[in-house]
Amino acid sequence: MSVKIAFRSAGEVCRSADNMLLTAWFYAALRPAGSVLVQTDKTWRCIYSGGKERILFADCGRSREKKVCNSLKNADVVVVNLTPKKETLDAFFHENRHTSEKILYLIGDCLGETDAIGAYMEHIHRIPPEQVGWIPHNEEARQALANGAVERFVRQYRNRCVSERNRRFFKEMERNLFLLSKRAEQQKN
């Protein structure tokens, strides 16, 4: 059995590839029962080898090519990456009026405005809180991504050697994985 998770970028600076890698490594840390594979630059790479279940993470970027559209259509969960700017959210939801049960919105690089942006999304665009995940701004995570050291960064979480400044980041990543798993289960049923 496999679960297909496609990451979609809704804007130019959404960092969907980075968000996908972080999420995949955290998935491997929290759910070691399956093998986690990521697709970057059209190649697949196994970042964690576990049990029979395969979790496939694919970065679809912003492309509207037929192959990408098919990947999004066939995905169990589509993670739409957004920035926490109201203008960006308004533009995205103006162009994409439909919502789907298989979509999880991931707001990246948040600087603490999650309550205000969450309320805005719920009241203006009718997106429920259980359909929105957050990735707080974290310079250590950004450096780990830039240096190809995401596994080492996530290992802090696994070993419970979490600095106070990373505690909120790791807590939000746990919540994101819970929401992602819930979306995947809903699609399988």
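Keep in mind that this is a model prediction, so the values were computed, not measured.

S.K.: In this structure, what is going on with the state of the cysteines? I would like to understand it.
M.R.: By definition, a disulfide links the sulfur atoms of two cysteine residues through a covalent bond. By the definition in use, this model includes 0 disulfides. For the unlinked cysteine C46, the closest cysteine sulfur is that of C60, found at 19 Å.

S.K.: Could you clarify how one ought to interpret empty space enclosed by the protein in this entry?
M.R.: Unoccupied space between atoms shows up once a probe the size of one water molecule is rolled over them. Inspection of the entire model under this criterion finds 1 cavity of 30 Å³ or more. A volume near 30 Å³ is recorded for the largest cavity. Around the largest cavity, the lining residues are F7, T23, V79, L104, L106, N176, L177 and L180. Elements that contribute at least two residues to the lining of the largest cavity include exactly β6 (103-110) and α7 (164-188). Broken down by element, the lining of the largest cavity gets its largest block of residues, 3 residues, from α7. When the residues that make up the lining of the largest cavity are grouped by side-chain class, the tally is 6 nonpolar, 2 polar and no charged.

S.K.: Can you walk me through the pairing of strand β3 (residues 43-48) in this structure?
M.R.: A regular strand places its side chains on the two faces of the sheet in alternate fashion. Two elements, strand β2 (residues 34-40) and β3, share 5 bridges in a ladder whose sense is antiparallel. The partner of L37 across the bridge, within β3, is C46. Turn length for the β2-β3 hairpin, with the two strands adjacent in sequence and antiparallel, is 2 residues, and the turn residue D41 shows positive phi of about 50 degrees.

S.K.: Hey, could you run me through the side chain of Q131 in this one?
M.R.: Tracing the chain through its elements places Q131 in the loop between α4 (114-125) and β7 (132-136). Engagement of the side chain of Q131 in a polar contact is seen with the backbone oxygen of I103, the distance being 3.0 Å. Look past the residues within four positions of Q131 in its chain and what remains in contact with it is S100, I103, L104, Y105 and R183.

S.K.: Whenever I open this one, the packing of helix α1 (residues 16-30) against α7 confuses me. Can you help?
M.R.: The axes of two packed helices give the description: the angle between them and the distance between them. Packing of α1 against α7 brings their axes to within 10 Å, and their N-to-C directions diverge by 85 degrees. One element, α1, and the other, α7, form an angle in the roughly perpendicular class. Contacts between α1 and α7 involve L22, T23, F26, Y27 and L30 on the former and, on the latter, F169, F170, M173, E174, L177, L180 and S181. When grouped by side-chain class, the residues that make up the contact of α1 with α7 number 9 nonpolar, 2 polar and 1 charged.

The rules we used
Residues numbered from 1 in each chain as written. Predicted model: local features only at pLDDT ≥ 70, side-chain atom pairs only at ≥ 80, totals over all residues. Heavy atoms only, no water. Disulfide = S-S within 2.5 Å. 1 Å grid on protein atoms, 1.4 Å probe; cavity = no way out; pocket = protein on both sides within 12 Å on 5 of 7 lines; lining within 4 Å. Points joined across faces, edges and corners; volume = space filled by probe spheres on them. Helix = DSSP H or I, 4+ residues; strand = E, 2+ residues; numbered from the N terminus. Nonpolar A, V, L, I, M, F, W, Y, C, P; charged D, E, K, R; others polar. Pairing = 2+ DSSP bridges. Polar contact = N/O pair within 3.5 Å; in protein donor to acceptor, adjacent residues only side chain to side chain. Contact = heavy atoms within 4.5 Å. Axes fitted to C-alpha atoms, helices over the stretch in contact; angles between N-to-C directions. Parallel < 35°, antiparallel > 145°, perpendicular 65-115°, else oblique.

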